[in-house]
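Examining the three-dimensional arrangement
Listed here are the chains, written in short residue letters.
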Amino acid sequence: MNTNQPVSFTTQTQYPLPSQKFMIPTTWRRYHLSQLVNKALGLEKSIPFDFLVRGEILRSTLAEWCAEHGVGEEETLEIEYIESVLPPQKMSEFPHESWVSSVSCGSSSHFLTGAYDGYLRAFDLSQNVILNAPLHTAPITSFAILPSENTTDMDGNSTYTVVTASHDLTAQISEITLPAIGSASSSKVLASLHLHTAPVSSIAARGTQLLTSSWDGLIGLWDTSIPASDEVPEPESLGAERKKRRKIQKDEAKPKRKAPVSVLKSHMGRVSKVSWTSASTAASCGFDSTVRLWDVENSLCTRTISASEKPFLDFAITPNGQSALAVSTDRSMTMYDLRITDLSAATASFMHPATPSCVAVSQDPASHQVVTGAYDGVVRVWDVRSTKAAVAVFKAWGGEGKKILSVDWQRDVVAVGGEGGMDVWKVQGGAGAGPEIQVNNVKKPSA
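Residues numbered from 1 in each chain as written. Predicted model: local features only at pLDDT ≥ 70, side-chain atom pairs only at ≥ 80, totals over all residues. Heavy atoms only, no water.

Points about the overall build of the chain
- Counting secondary structure elements, the chain contains three helices and 35 strands.
- Here the chain, with 447 residues, has 52% of them falling under the buried criterion.
- The contacts of the chain with a sequence gap of at least 6 include a subset with a gap of at least 24, amounting to 52%.
- As presented, the chain carries roughly 20500 Å² of accessible surface, and 49% of it is formed by carbon and sulfur atoms. (Helix = DSSP H or I, 4+ residues; strand = E, 2+ residues; numbered from the N terminus. Buried < 20%, exposed > 50% of the residue type's maximum accessible area, 1.4 Å probe, protein only. Contact = heavy atoms within 4.5 Å. Areas by Shrake-Rupley, 256 points an atom, 1.4 Å probe, with all protein chains shown as cover.)

Shown next, in the form of structure tokens:
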């Protein structure tokens, strides 16, 4: 027997309905509701909508949902409609011979990768390798472009200052030149950053300041100036060897060894990531199951959010700066309200079938979307208002189950790095500055 359920609709989109109650057949699904909303709005071009019922995306009939949640026929359901996420589309792939641990799709003209072989690479949109820079002797874990240090000469060659972190216990400040057609690329290490006694897990840049995190439990604060001479002496074993080489290298300026401006101490184990939250504040997460907030200027931990046995691998800050989304070895992604210090700071949890290793948020302030990459080779797109299931899923590198280590999301483009190299996908919802990226999907040999 067909029955009707009283329903009222709400939305945060630009397509609101007048406040009214609808009697909806309980046999209806998402498609029927979307048709109803489009008809009521009188839109010239149909827009697909999804529907949130009590924080859960409707994936069944109304009758099945009501039966599962014990909702009676006379109870009015408040349903929020959101624009549907279109199925992600693969744009291209960039094979590597080494695992890719860090990726960037922030430029409209090229992609950058950091890999386990210590190389920083750049690719143009035709998948050509335009930079092969051997910056480290161990895996690169993280990199960032200094936003104010980029120039383009009359020939169209673009020079960037890039900072990198590595398992070789150092971070570096380097200059790279990405060529115009017919020119050669170049790279030069300007300074190495010396503090940590274990692998450096991440590096973050803001203006003329840097933050590094390490498995040694420390966070270093640095400036980006290049000193005239070494601030940290070379180890004695290296010093003797270097002296023998100086005659050969006397005309070649070697990288300067920088010391930190200050050291931030509070974590009780490995620090997985550090990120700026403002010009003078930062956040970090680590294997001690904490997310910590910092007054960087005074080297003080101002707030600690403790979880129960959640070694954190990565986190991302929402565009409004009020929440952090942290992924953990317990296969969860947890959303924390950074304004609360106790366990109630955890406002939502999103479970994965495999360990999520990385996370990136949409840069659209109005968006509620986030992507995670996991060790099962699957990228999941989540709406943070619905914790039960991802709104979209895609498998990197042809679904071979290769581990994902890094994701970046800019302008509807998601770059995925890991065991299979780098994949690039079009994913609706990742707004950001700059024109749309158009990748020429031509097979190229691996880097």
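Here we look at the sheet that holds strand 25 (residues 312–317)
- As summarised here, the arrangement of the four strands in space is 25-26-27-28, forming an open sheet in which the pairing is antiparallel. A single partner strand is all that each edge strand has here, and the edge strands are strand 25 and strand 28 (346–351). The average angle at which neighbouring strand axes cross in this sheet is 20°, direction not considered. (Pairing = 2+ DSSP bridges. Axes fitted to C-alpha atoms, helices over the stretch in contact; angles between N-to-C directions.)

Here's the deal with the environment of Tyr119
- Position of Tyr119 relative to the elements: it lies in strand 9 (residues 119–124).
- Considering only alpha carbons, one finds Tyr119 and Pro134, 15 residues apart in sequence, at a separation of 4.4 Å.
- Among all residues touching Tyr119, those that are not within four sequence positions of it are Thr113, Gly114, Asn132, Ala133, Pro134 and Ile140.

A closer look at the side chain of Ser406
- Along the chain, Ser406 falls in strand 33 (residues 404–410).
- Within the structure, the side chain of Ser406 is placed 3.3 Å from the backbone nitrogen of Val103, a separation counted as a polar contact.
- Not counting the four nearest positions on each side in its chain, Ser406 is found in contact with Ser101, Ser102, Val103, Cys358, Ala415, Val416 and Gly417. (Polar contact = N/O pair within 3.5 Å; in protein donor to acceptor, adjacent residues only side chain to side chain.)

Side note on the packing of aromatic side chains
- With the rule as written, the count across this model stands at twelve aromatic pairs.
- Between Phe9 and Phe22 the ring centres are 5.4 Å apart and the planes differ by 65°, which places this aromatic pair in the edge-to-face class. Taken together, the positions of Phe9 in strand 1 (residues 4–10) and Phe22 in strand 2 (residues 21–25) put the pair 13 residues apart, joining distant regions of the chain. Taken as a pair, Phe9 and Phe22 share a single burial class, namely buried.
- Among the aromatic residues, ring-to-ring pairing joins Phe9, Tyr15, Phe22, Phe49, Phe51 and Tyr81 into one connected group.
- The ring of Phe315 has Lys273 lying over it, and the distance from NZ or CZ to the ring centre is 5.8 Å. (Phe/Tyr/Trp six-rings, centres within 6.5 Å; stacked < 30°, edge-to-face > 60°. Lys NZ or Arg CZ within 6 Å of the ring centre and 35° of its normal.)

Remarks on the UniProt feature "repeat: WD" (unreviewed entry) in the chain
- The positions UniProt marks with the feature "repeat: WD" (unreviewed entry) are residues 264–304 and 360–392.
- Taken end to end, residues 360–392 has its terminal C-alpha atoms 15 Å apart, with 0% of it in helix and 45% in strand. (UniProt positions renumbered as here; feature names shortened; annotations may be inferred.)

Looking at unusual backbone geometry
- We note that Ser289 has phi near 65°; this positive angle belongs to a residue other than glycine.
- Mapped onto the elements of the fold, Ser289 is located in the loop between strand 22 (281–286) and strand 23 (290–295).

Considering the pattern of salt bridges
- Applying the stated criterion across every chain yields a total of 18 salt bridges.
- With a closest N to O distance of 2.9 Å, Glu80 and Arg385 form a salt bridge. Separated by 305 residues along the polypeptide, Glu80 in strand 5 (residues 77–83) and Arg385 in the loop between strand 31 (378–383) and strand 32 (392–395) bring together distant segments of the chain.
- Residue Asp117 is joined to Arg121 by a salt bridge in which the shortest nitrogen-to-oxygen separation is 2.7 Å.
- When its relative accessible area of 29% is taken as the criterion, Asp117 is described as partly exposed.
- Through salt bridges with shared partners, one network takes in Glu56, Glu68 and Lys388. (Salt bridge = Lys/Arg side-chain N within 4 Å of Asp/Glu carboxyl O.)

Here's the deal with the environment of Ser272
- Counting through the fold element by element, Ser272 comes out in strand 21 (residues 271–276).
- Taking relative accessible area as the criterion, Ser272 reaches 11% and is therefore assigned buried.
- The sequence separation of Ser272 and Phe287 amounts to 15 residues, and the corresponding C-alpha distance is 7.0 Å.
- Dropping the residues within four chain positions of it, Ser272 is found in contact with Ser201, Ser202, Ser213, Cys285, Gly286, Phe287, Phe312 and Leu313.

So, helix 2 (residues 62–69)
- Those residues of helix 2 that sit buried are Leu62, Trp65 and Cys66. The arc that holds every buried residue of helix 2, seen down its axis, measures 95°, which confines them to one face. Away from its buried face by more than 90 degrees, helix 2 exposes Ala67 and Glu68.
- Taken from the residues just after helix 2, Gly70 is the one with a positive phi, measuring 65°. (Arc of directions from axis to C-beta.)

Description of the pairing of strand 31
- Counted residue by residue, strand 31 has six buried out of six residues, so it is predominantly covered.
- Both faces of strand 31 are covered, namely the face carrying Val378, Arg380 and Trp382 and the face carrying Val379, Val381 and Asp383.
- With five bridges connecting them, strand 30 (residues 369–374) and strand 31 associate as antiparallel partners. Following the sheet pairing, Gln369 is matched in strand 31 by Asp383.
- From the end of strand 30 to the start of strand 31, which pair antiparallel, there are three residues, and Gly377 there has a positive phi angle of about 80°.

Overview of the sheet that holds strand 35 (residues 421–426)
- Pairing in this open sheet of four strands is antiparallel, and the strands run 6-35-34-33 from one edge to the other. Strands at the two margins of the open sheet, each flanked by one partner only, are strand 6 (89–94) and strand 33. Ignoring strand direction, the axes of neighbouring strands in this sheet form an average angle of 20°.

What about the confidence of the model for the chain?
- Looking at the chain, the pLDDT average stands at 89 and 89% of residues meet or exceed 70.
- Across residues 247–251, confidence stays below pLDDT 50; counting only partners more than four residues off in sequence or on other chains, it has zero contacts.
- Every residue in residues 442–446 is under pLDDT 50, and counting partners more than four places away or in other chains gives ten contacts. (pLDDT = per-residue confidence, 0-100.)

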